[in-house]
Amino acid sequence: MSWGRGFLTNGRQGECLAKSFHSFHSVLCFILNAFSPNSFSTPLTSFSFVFSPSPVVCSFRGSVSHGLTLELGETVHILEKCEGKSFSGSIGIFPAGYIHLKKAVVTNRGQYETVVPLEDPIITEVTSTLQEWSVLWKQLYVKHKVDLFYKLRHVMNELIDLRRQLLSGHLTQDQVREVKRHITVRLDWGNEHLGLDLVPRKEFEMVDADQISVSDLYKMVSTLIAFRSVCDVCIFIPEKFMVKLNKNGGPKNPEKVDRLCALFTVGPTTVIYFCSGRMLLNDSKKGPPHVQYRRPYGCAVLAMSDVLQTISELKEEKDFVLKVYTCNNENEWYQIHENIIRNRLTFPLNPSCRAGLIISLQLLRGDMEQVRKENPIIFNRGVAITRKLGFPDVIMPGDIRNDLYLTLERGDFERGGKSVQKNIEVTMYVLYADGEILKECISLGSGEHNISEYRSFVLYHNNSPRWSEVIKLPIPIDRFRGSHLRFEFRHCSTKDKGEKKLFGFAFTPLMREDGTTLSDESHELYVYKCDENTTFSNHALYLGLPCCKDDFNGCPNIPSSLIFQRSTKETLWISTQLSSTKLTQNVDLLALLKWKAHPDRVMDILGRLRHVCGEEIVKFLQDILDTLFSILDDNTDKYGPLVFQSLVFIINLLRDSKFYHFRPVMDTYIQKHFAGALAYKELIRCLKWYMDRSAEVVRQDHIQEAMRALEYLFKFIIQSRILYSRATCGMEEDQFRASIQELFQSIRFVLSLDSRSSETLIFTQAALLNSFPAIFDELLQMFTVQEVAEFVRGTLGSMPSTVHIGQSMDVVKLQSIARTVDSRLFSFPESRRILLPVVLHHIHLHLRQQKELLICSGILSSIFSIIKSSSLESSVQEEVEMMVESLLDVLLQTLLAIMSKSQSQEAVRGQTCPLSDWQGEYVSCLLSLLRQMSDIHFQHLLDNFQSKEELKEFLLKIFCVFRNLMKLSIFPRDWNVMRLLTSNIIVSTTQYLSPALHKSFTDADFDFKVWNSYFSLAVLFINQPSLQLETLTPAKRKKVFDKYGDMRVMMAYELFSMWQNLGENKIHFIPGMIGPFLGVTLVPQNEVRNIMIPIFHDMMDWEQRKNGNFKQVEAELIDKLDSLVSEGKGDENYRELFSLL
């Protein structure tokens, strides 16, 4: 049997050992020294050290000699494993099979090191959290909180199951993310309801406060909200999915058994998997009568708003049973769907029988390619892809589509001498110019093959039928011109063996004479009379006739002797919607795309582009851009300005929220399809010309539009230059660089203009500043980081430094700086060295004036975040030095103003007023800066003070801010991670500053105010509720102690040291500090008490020296102790300590 030797890290035995040994290494050394070779009863056959926390998988009672008792779920640190019999030892031995070994690493090496298992951090968190909750869960039952008791038990069971799923290792990446999301929701819910601390997360995992800036940590905690799973799917109207069932409710085609399935795209990254099961028919064995035409049977509706919430939580298909409805009056059939939803005019189909439709639904997340990769079984079943009705959200370059959606709406027909109304069926064909019927150009829905002939359903005895049926016509582009639709109307007799008699027809061409297609609207078509003998063999006989009213107005003289006569009282209404990337319904757009046919009209055609609707432009974006640049290449001097204006118009169109999602289309075009190698010259020339005129013209709308389009203008400029450089091996490089330099001179000229007297110029400058940061990435393709940084520094430096140029411009200026800081350019150390001074200059000015504090806080947070992430780079020390010189003092001043305002509000309201988010950000910014400062930075800071008065003012400010951080409600109670980090930074900063206090304000230069401020800070610090480790759970106490140690002890040592440094000036604090120091001794921490007690001896000694007695100290001590004892404060150990005193 294999035996292991180790010690417990969880449970009673583990706690005892933790008190004896401070670190894992000290325990290991102790073990090795305790075991001599002679202590083993049997020689060891193997010997190894396994530094790992190992969970106990089976309880062990320790019945053998030196056995270590193990309880299920406890954790053991394995020190040694040996083959053979047991051996004696001071910690204990146990069988190796009773534990499960885990790999681990040691973090936070040193006095407070921690052993962390090498597993998914969220699994570790679930394990530790469940252990902590289990103790509190039992207490809920004892406290009769039964409701929360059962809810927490349910959540704990869910967490165990989710943890098991993660450990299985059988999940896809998306499934892992989804499981982690569910875990974090439940962890946050439980922590909130149990009154535990909020846990800041990034990508579902706990963040290490040491790895991110304080500003980022503050943002994470302030925005941490326990959220519930909500399905955020935005439903689009899809095409139809067609299923043909037989009279038994199964698929009509036997090959499609278990293959009636489709994918519906309901959002950009969401797909619904639909699987039709079967039809539940009535109990009658008699099937529907055999007929030769379609008849309405029933309609079933499923509310997706309810369904999506259900299926979004599931990983498998879920069945739904849909009840089938019909209506008594077939005239209402066209709106039965809406009527079912509104619960009116509908009645169940044969309510005595079970008639319904069973379907299965499953929600799949991701784009189609991702869904295909993760669900291959679905696609192996022959699934039908059902697209969105009409265009998708984004039409990428290269996407070619040509679908015409036709809705057969309604018709009005005469009785034709019959006593009853007709049973009308409409047959539709798509015919080419030569009269040939186009094959398979009609789609009734995905899931079935295209057909060549469409037949409508028939409504019984109805001369005004309403169908409202949508048909898709996927007509090839090369067959669209010259094609037309023909609708034939037949009366379906119920007596003559289902015979159908032709009595009329209608038609419509798909293209007009000017080359535009049928418009997206409702069309009223003329009906022409004919009989069952009509063959339509010569389609030219009717194509010359007017098909509708607009067509009739274009054909005023129509002979009455034609073979087909119009029935003036009969009409057919259809509506169409074209989804084509090659055909347009707009005359102006068509003229632009075919500009070479009318070269003399190019100027007019370009001018009319602004009148084309945005939907048409984005549909034909690639073709339009190709056309514009081909016009530019044809005659740059003549058409350059107009092409530039057209390009600006299109770019700004994509800034509209309605078309914003087409920006990736523009990006793809520029990268892969744009071919204007010479275009950059004209674009730079036009852009510079616009900027240079900003000081002259009154109306600047066109200039402002060009400024707003700056980002994509630069994309075109840079890509054009890249293409030219490739084609010419880098020719004219100097000329290009010179033109960019001149362009930036124009940019700086615009920003340097005095805009206080010109509102129009303010708007121009604002438009330029808003767009300016977006061009950095483009410039980095052609220039070095330093060169681009110099461009930007010169531009930001040209802005007025004063903060009185107008509030709106102040905001725009700072927003531009904020986007500069957030840009990729600022992430490079070599660019930060150039840009940081000018950025800090503008922030310093605004903080001095207490202006635009909200935006400034965001900029500073971003800067600290970048510096923290780059802390390993050598340049960071220089950057921190710059920030200390520019910001530290003004940050303290700003915080004091904020805190003073908060204290005033608390005094008026009589209750605590937490700081707002942006005010809290200033606290986090100060803490971030202090945390980044090294001893060198502190030394430079202290050396730069010109006089002791300046140093005194600084120390008073920072001590006051620190005291307020502990007194005011800066952070909510459950933000313990922020409270502990703040305390750690305060004690570290105090350790840096205390030597300066001792050096500059002792002996002859003693200053009571500064020393008193220091002692007050130390007393407040030690008494903070968040630092009282005794009130925490054992797990939480260990976690805090491992990370920070006991910060009360650290500050107590600092306080004692500074007290000793006072020398003869101690008398100034006797007896004033006796009460506060006694308050410190109330802390139930023996080491703190042992540090503080000698101070009271020292006070007695100094009073004895001065007055010959220590009655003052004695009286104050007795008075304060009596007050504390009467209030019930202090434990037995506390009383024993003072009895010794």
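Thresholds, definitions, all that
- Residues numbered from 1 in each chain as written.
- Predicted model: local features only at pLDDT ≥ 70, side-chain atom pairs only at ≥ 80, totals over all residues.
- Heavy atoms only, no water.
- Helix = DSSP H or I, 4+ residues; strand = E, 2+ residues; numbered from the N terminus.
- Buried < 20%, exposed > 50% of the residue type's maximum accessible area, 1.4 Å probe, protein only.
- Contact = heavy atoms within 4.5 Å.
- Areas by Shrake-Rupley, 256 points an atom, 1.4 Å probe, with all protein chains shown as cover.
- Pairing = 2+ DSSP bridges.
- Expected span 1.5 Å × (residues − 1).
- Bend = angle between axes of the 7 residues up to and from the residue.
- Phe/Tyr/Trp six-rings, centres within 6.5 Å; stacked < 30°, edge-to-face > 60°.
- Lys NZ or Arg CZ within 6 Å of the ring centre and 35° of its normal.
- Core = buried A, V, L, I, M, F, W, Y, C linked by side-chain atoms within 4.5 Å.
- Salt bridge = Lys/Arg side-chain N within 4 Å of Asp/Glu carboxyl O.
- pLDDT = per-residue confidence, 0-100.
- Axes fitted to C-alpha atoms, helices over the stretch in contact; angles between N-to-C directions.
- Parallel < 35°, antiparallel > 145°, perpendicular 65-115°, else oblique.
- Left-handed = near helix turned anticlockwise from the far one by under 90°.
- Nonpolar A, V, L, I, M, F, W, Y, C, P; charged D, E, K, R; others polar.

Some points on the overall build of the protein
Step number 1: Along its length, the protein carries 41 helices and 23 strands.
Step number 2: Out of the 1141 residues belonging to the protein, those deemed buried represent 50%.
Step number 3: A separation threshold of at least 6 residues defines the contact pool for the protein, and within that pool the share at least 24 residues apart is 75%.
Step number 4: Of the roughly 54,900 Å² of accessible surface on the protein, a fraction of 51% belongs to carbon and sulfur atoms.

Re unusual backbone geometry
Step number 1: A cis geometry characterises the amide bond from Ile1070 onward to Pro1071, with omega recorded as 5°.
Step number 2: Considering the arrangement of structural elements, one finds Pro1071 in the loop between helix 37 (1047-1061) and helix 38 (1074-1081).
Step number 3: For His144, which is not a glycine, the phi torsion comes out positive at approximately 65°.
Step number 4: If you trace the backbone, His144 turns up in the loop between helix 3 (121-142) and helix 4 (146-168).
Step number 5: With relative accessibility at 67%, the residue His144 sits in the exposed group.
Step number 6: Of note, the phi angle at Glu852 is positive, near 50°, even though the residue is not glycine.

With respect to the pairing of strand 21 (residues 500-509)
Step number 1: With eight of 10 residues buried, strand 21 lies mostly within the body of the structure.
Step number 2: The pairing of strand 21 with strand 22 (residues 522-529) spans two bridges and is classified as antiparallel. Of the residues in strand 22, the one forming a bridge with Gly504 is Lys529.

Notes on the sheet that holds strand 21
Two modes of strand pairing occur in sheets, parallel and antiparallel, and in both the strands are linked by backbone hydrogen bonds.
Step number 1: Pairing in this open sheet of eight strands is antiparallel, and the strands run 18-17-20-21-22-23-16-19 from one edge to the other. A strand with exactly one partner marks an edge of an open sheet, and here the two such strands are strand 18 (454-455) and strand 19 (466-473).
Step number 2: Pairing of strand 17 (residues 424-431) with strand 18 involves two bridges; the strand directions are antiparallel. Of the residues in strand 18, the one forming a bridge with Met428 is Tyr454.

Some points on helix 18 (residues 636-653)
Step number 1: Here helix 18 contains 18 residues, and its C-alpha end-to-end distance of 24 Å stays within 8% of the 26 Å for a straight helix at 1.5 Å per residue.
Step number 2: The sharpest bend along helix 18 measures roughly 25° and falls at Leu642.
Step number 3: Of all 18 residues making up helix 18, 13 are buried, and the element is well covered by its neighbours.

Here's the deal with the packing of aromatic side chains
Step number 1: For the structure on display, the rule yields 40 aromatic pairs.
Step number 2: Look at Phe60 and Tyr98: their rings are 5.3 Å apart centre to centre, the planes differ by 70°, and that puts the pair in the edge-to-face class. Placement of the pair is Phe60 in the loop between strand 2 (53-55) and strand 3 (75-83) and Tyr98 in the loop between strand 4 (93-95) and strand 5 (104-107), with a sequence separation of 38 residues.
Step number 3: Clustering of aromatic rings is evident, with ring pairs tying together Phe959, Phe1006, Phe1008, Trp1011, Tyr1014, Phe1015, Trp1059, Phe1069 and Phe1077.
Step number 4: For the cation-ring pair, Arg479 lies above Tyr432, with the distance from its terminal atom to the ring centre recorded as 4.5 Å.
Step number 5: The ring centre of Tyr526 lies 3.6 Å from the NZ or CZ of Arg566, which sits over that ring.

Observations concerning the nonpolar core
Step number 1: Of all hydrophobic cores here, the largest spans 210 residues; its most connected members are Ile650, Phe716, Ile859, Ile863, Phe1015, Phe1077 and Met1099.
Step number 2: No other element matches helix 30 (residues 875-909), which puts 13 residues into this core.
Step number 3: Ignoring any residue separated from it by four or fewer positions in sequence, one finds Phe716 in contact with Leu625, Phe629, Leu647, Ile651, Met666, Tyr669, Ile670, Phe674 and Leu683.

So, the pattern of salt bridges
Step number 1: Tallied over the full model, the rule gives 41 salt bridges.
Step number 2: Among the salt bridges present, the one from Glu488 reaches Arg486, with a minimum N-O distance of 3.0 Å.
Step number 3: With a closest N to O distance of 2.7 Å, Glu790 and Arg793 form a salt bridge. Here the residue Glu790 and the residue Arg793 both occupy positions in helix 26 (residues 785-797), the gap between them amounting to three residues, near one helical turn.
Step number 4: Three or more residues are tied together by salt bridges with common partners; here these are Arg721, Glu733, Arg737 and Glu787.

Some remarks on the confidence of the model for the protein
Step number 1: Summarising the model, the protein shows a mean pLDDT of 80, and 82% of its residues fall at 70 or more.
Step number 2: Taken as a whole, residues 225-235 scores under 50 in pLDDT and shows 25 contacts with residues more than four places along the chain or in a different chain.

Observations concerning the packing of helix 18 against helix 22 (residues 710-728)
Step number 1: Between helix 18 and helix 22, the least distance of the axes is 9 Å, while the angle of their chain directions is 125°. Regarding the angle of helix 18 to helix 22, the classification is oblique. Remark: the crossing between helix 18 and helix 22 carries right-handed chirality. Contacts between helix 18 and helix 22 pair Phe644, Leu647, Val648 and Ile651 from the former with Tyr712, Leu713 and Phe716 from the latter.
Step number 2: Split into classes, the residues belonging to the contact of helix 18 with helix 22 amount to seven nonpolar, no polar and no charged.

Details of helix 37
Step number 1: Between the first and last C-alpha of helix 37 there are 21 Å, a value that for 15 residues agrees with the 21 Å anticipated at 1.5 Å per step.
Step number 2: Listed as buried for helix 37 are Met1047, Arg1048, Val1049, Met1051, Ala1052, Glu1054, Leu1055, Met1058 and Trp1059.
Step number 3: Contact partners of the buried residues in helix 37: helix 34 (976-1000), helix 35 (1008-1022), helix 36 (1034-1044), helix 38 and helix 39 (1086-1107).
Step number 4: Following helix 37 by one or two positions, Gly1063 has its phi on the positive side, about 60°.

Side note on the pairing of strand 14 (residues 356-365)
Step number 1: Of all 10 residues making up strand 14, eight are buried, and the element is well covered by its neighbours.
Step number 2: Sheet topology note: the strand 11 (residues 318-323)/strand 14 ladder contains six bridges and is antiparallel. If you follow Leu322 over to strand 14, its bridge partner there is Leu357.

Examining the environment of Arg708
Step number 1: Relative to the elements of secondary structure, Arg708 occurs in helix 21 (residues 701-708).
Step number 2: Arg708 gets classed as partly exposed once you look at its relative accessible area, which sits at 32%.
Step number 3: Along the backbone, Arg708 and Leu769 are 61 residues apart, and their C-alpha atoms lie at a distance of 9.1 Å.
Step number 4: Apart from residues lying up to four places away in sequence, Arg708 is in contact with Asn652, Arg655, Ala767 and Ser771.

Points about the packing of helix 20 (residues 679-692) against helix 23 (residues 733-752)
Two measures define how a pair of helices packs: the angle their axes make with one another and the distance between the axes.
Step number 1: Contact geometry for helix 20 and helix 23: axes closest at 9 Å, N-to-C directions at 20°. On the basis of the axis angle, helix 20 is roughly parallel to helix 23. Judged by the sense of rotation from one axis to the other, the crossing of helix 20 with helix 23 is left-handed. Residues Tyr680, Ile684, Leu687, Lys688, Met691 and Asp692 of helix 20 lie in contact with helix 23, whose contacting residues are Phe736, Ser739, Ile740, Glu742, Leu743, Ser746, Ile747, Phe749 and Val750.
Step number 2: Residue composition of the contact of helix 20 with helix 23, grouped by class: 10 nonpolar, two polar and three charged.

What to know about the environment of Asp551
Step number 1: Among the secondary structure elements, Asp551 is positioned in helix 13 (residues 549-553).
Step number 2: By relative accessible area, which is 26% here, Asp551 ends up partly exposed.
Step number 3: Through-space distance from the C-alpha of Asp551 to that of Thr508 is 9.7 Å; in sequence the pair is 43 residues apart.
Step number 4: In contact with Asp551, not counting residues within four places along its chain, are Leu545 and Pro546.

As for the environment of Thr69
Step number 1: Tracing the backbone shows Thr69 in the loop between strand 2 and strand 3.
Step number 2: Sequence separation between Thr69 and Ile93 is 24 residues, and the spatial gap between their C-alpha atoms is 8.7 Å.

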